[in-house]
Amino acid sequence: MTHEDQLTQPPSTTSVRATEVAAAAASEEKRWNPFRVLGRAVGTIWSEPKARFGVVLLLLFILMAIFAPLIAPYDPHDTSFPHNQDGSAAHLLGTTGVGQDVLSQLIWGARVSVTVALIAGLLSTIVAILVGLSWGYVRAFWGEGVGFVVNLFLVIPSLPLMIVIAAYLHNGGIAVIVFVVVVTGWAWGARVLRSQTQTLRSRDFVTAAKFSGESPSRIVFREILPNMTSLIVASFFGAATAAILAEAGLEFLGLGDPNTVSWGTMLFWAQNSNVLLTGQWVQLFAPGFMIALFAVSMTFINFGVDGLSNPRLRERKAGR
């Protein structure tokens with residue numbers, strides 16, 4: 001066989017098959033893996049000292065909520081102790097006006113407050129993702145209707161809306177508070193994610209996915225969504241912080257269930273008992289301080305989230 005014949009001869013079936021297998025393997029390696037993305041995100045956040053402090057603080061709150069029955073010295077509903085007692089060895093933070101241990105209530109209150117913050121923040125973020133990404137990617141007539149609804153929730157003051165909904169669904173428990181927080185807290189995140197989706201919609205990798213025949217839902221959740229990890233994480237932390245503040249505000253106004261033990265109900269009963277007049281200021285300071293610490297943990301974690309969206313920060317840390 002001459003040299004010219006070798007050049008014009010088609011490749012063998014084995015070589016073609018090997019090329020296809022190699023291309024499929026390379027495509028499989030590049031395919032988006034949520035666990036790999038999550039691992040890189042956690043590593044980036046943990047590399048920031050401020051974010052590390054926030055993560056540790058948040059984990060302490062979660063552990064306190066989970067192991068409250070083991071940590072709390074007394075039953076938070078026990079009223080057999082002396083009323084309005086100052087701090088002592090038996091009651092480190094004193095007792096309430098009805099004889100309940102303040103420290104036990106503070107520890108048990110983390111269960112409701114932290115749970116509401118995390119669940120309401122997660123649900124608000126999910127709603128914002130679904131609305132924001134679909135609204136930003138799909139060009140259809142119903143986009144104007146979605147935009148009107150989002151703008152309506154943005155211009156309506158959230159606190160009065162929460163008060164109206166919570167007053168209508170009075171004493172509905174934790175589920176009502178979570179529902180109220182989600183209804184009033186998703187619009188801002190949806191607006192931000194919609195703007196970012198519109199920016200990414202015209203990128204080359206999205207155009208290539210369209211020409212390859214990918215469905216819109218696959219393009220949105222497999223091509224666009226992974227590029228907004230930092231925005232989504234920051235949206236969740238912001239929603240969780242707003243949720244714990246909203247829960248405390250609604251409980252303080254008496255629009256929640258007063259029989260539950262949370263940091264908000266502690267503020268409610270402390271205000272009703274006029275603790276500032278009786279010198280029991282710790283009953284107001286302790287739950288307020290815990291809410292502030294929870295917000296601080298979220299804020300500090302956001303310092304690490306900045307590294308997810310800003311490669312220069314990661315390069316600077318790597319250089320140091």
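How each quantity is defined
Residues numbered from 1 in each chain as written. Predicted model: local features only at pLDDT ≥ 70, side-chain atom pairs only at ≥ 80, totals over all residues. Heavy atoms only, no water. Helix = DSSP H or I, 4+ residues; strand = E, 2+ residues; numbered from the N terminus. Buried < 20%, exposed > 50% of the residue type's maximum accessible area, 1.4 Å probe, protein only. Core = buried A, V, L, I, M, F, W, Y, C linked by side-chain atoms within 4.5 Å. Contact = heavy atoms within 4.5 Å. pLDDT = per-residue confidence, 0-100. Expected span 1.5 Å × (residues − 1). Arc of directions from axis to C-beta. Salt bridge = Lys/Arg side-chain N within 4 Å of Asp/Glu carboxyl O. Phe/Tyr/Trp six-rings, centres within 6.5 Å; stacked < 30°, edge-to-face > 60°. Lys NZ or Arg CZ within 6 Å of the ring centre and 35° of its normal.

**Q** It is not clear to me how unusual backbone geometry should be interpreted in this structure. Could you clarify?
**A** For residues that are not glycine, phi is negative in most cases, and the peptide bond is trans in most cases. The phi dihedral of Asn84 falls on the positive side, at around 50°, and the residue is not glycine. Examined against the element boundaries, Asn84 turns out to sit in the loop between helix 5 (68-71) and helix 6 (102-137). Judged by its relative accessible area of 34%, Asn84 is partly exposed. The phi dihedral of Asn274 falls on the positive side, at around 55°, and the residue is not glycine. Mapped onto the fold, Asn274 is located in the loop between helix 14 (263-272) and helix 15 (275-278).

**Q** Help me understand the environment of Pro76, please; the structure alone is not making it clear to me.
**A** Mapped onto the elements, Pro76 comes out in the loop between helix 5 and helix 6. Taking C-alpha positions, Pro76 is 7.5 Å from Val261, a pair spaced 185 residues apart along the chain.

**Q** I'm lost on the nonpolar core in this one. Help?
**A** Nonpolar side chains in soluble globular proteins tend to be buried together. Grouped together as the largest cluster of nonpolar side chains are 32 residues, with contacts concentrated most on Phe61, Met64, Trp263 and Phe294. Among the elements of the structure, helix 4 (49-66), helix 6, helix 13 (229-252), helix 14 and helix 16 (282-309) are those that each provide at least two residues to this core. Broken down by element, the residue count for this core peaks at eight residues, all from helix 16. Setting aside chain neighbours within four positions, we find Phe61 in contact with Val114, Trp263, Met290, Leu293 and Phe294.

**Q** When you look at the confidence of the model for the protein in this model, what are you seeing that I'm missing?
**A** The predicted coordinates ought not to be read in detail in places where the model reports low pLDDT. Per-residue pLDDT for the protein averages 80, and the proportion of residues at 70 or more is 82%. Long-range and interchain partners of residues 12-30, a stretch whose pLDDT sits below 50, account for two contacts in this model, where long-range means more than four residues apart.

**Q** Which parts of the structure should I look at to understand helix 10 (residues 187-200)?
**A** For the α-helix, the turn length of 3.6 residues means that residues three or four positions removed from each other point alike. Over its 14 residues, helix 10 extends 20 Å from the first C-alpha to the last, a length consistent with the 20 Å expected when each residue adds 1.5 Å. Those residues of helix 10 not exposed but buried are Ala187, Gly189, Ala190, Leu193, Arg194, Thr197 and Leu200. Projected down its long axis, helix 10 carries its buried residues within an arc of 145°, all on one side.

**Q** In this structure, what is going on with the pattern of salt bridges? I would like to understand it.
**A** A side chain of one charge can pair with a side chain of the opposite charge when the charged atoms of the two come close. All chains considered together, the criterion is met by one salt bridge. Residue Glu214 pairs with Arg218 through a salt bridge whose shortest N-O separation is 2.8 Å. The class for Arg218 is partly exposed, based on a relative accessible area of 36%.

**Q** How should I be thinking about the environment of Ala292 in this particular structure?
**A** Structurally, the position occupied by Ala292 is in helix 16. For the pair Ala292 and Ile244, spaced 48 residues apart in the sequence, the C-alpha separation amounts to 9.7 Å.

**Q** How should I be thinking about the packing of aromatic side chains in this particular structure?
**A** Throughout the structure, instances matching the rule amount to ten aromatic pairs. Aromatic pair Phe268 and Trp269: ring centres 5.0 Å apart, planes at 70°, arrangement edge-to-face. For the pair Phe300 and Phe303, a centre-to-centre distance of 5.9 Å together with 75° between the ring planes defines the contact as edge-to-face. You can see Phe300 and its partner Phe303 sitting in helix 16, three residues apart, about one turn around the helix. By the ring-pair criterion, three or more aromatic residues cluster together here, those being Phe53, Phe300 and Phe303. One residue, Lys50, lies across the ring of Phe303, its end atom 4.5 Å from the ring centre. A cation sits over an aromatic face here: Arg194 above Trp135, 4.3 Å from the ring centre.

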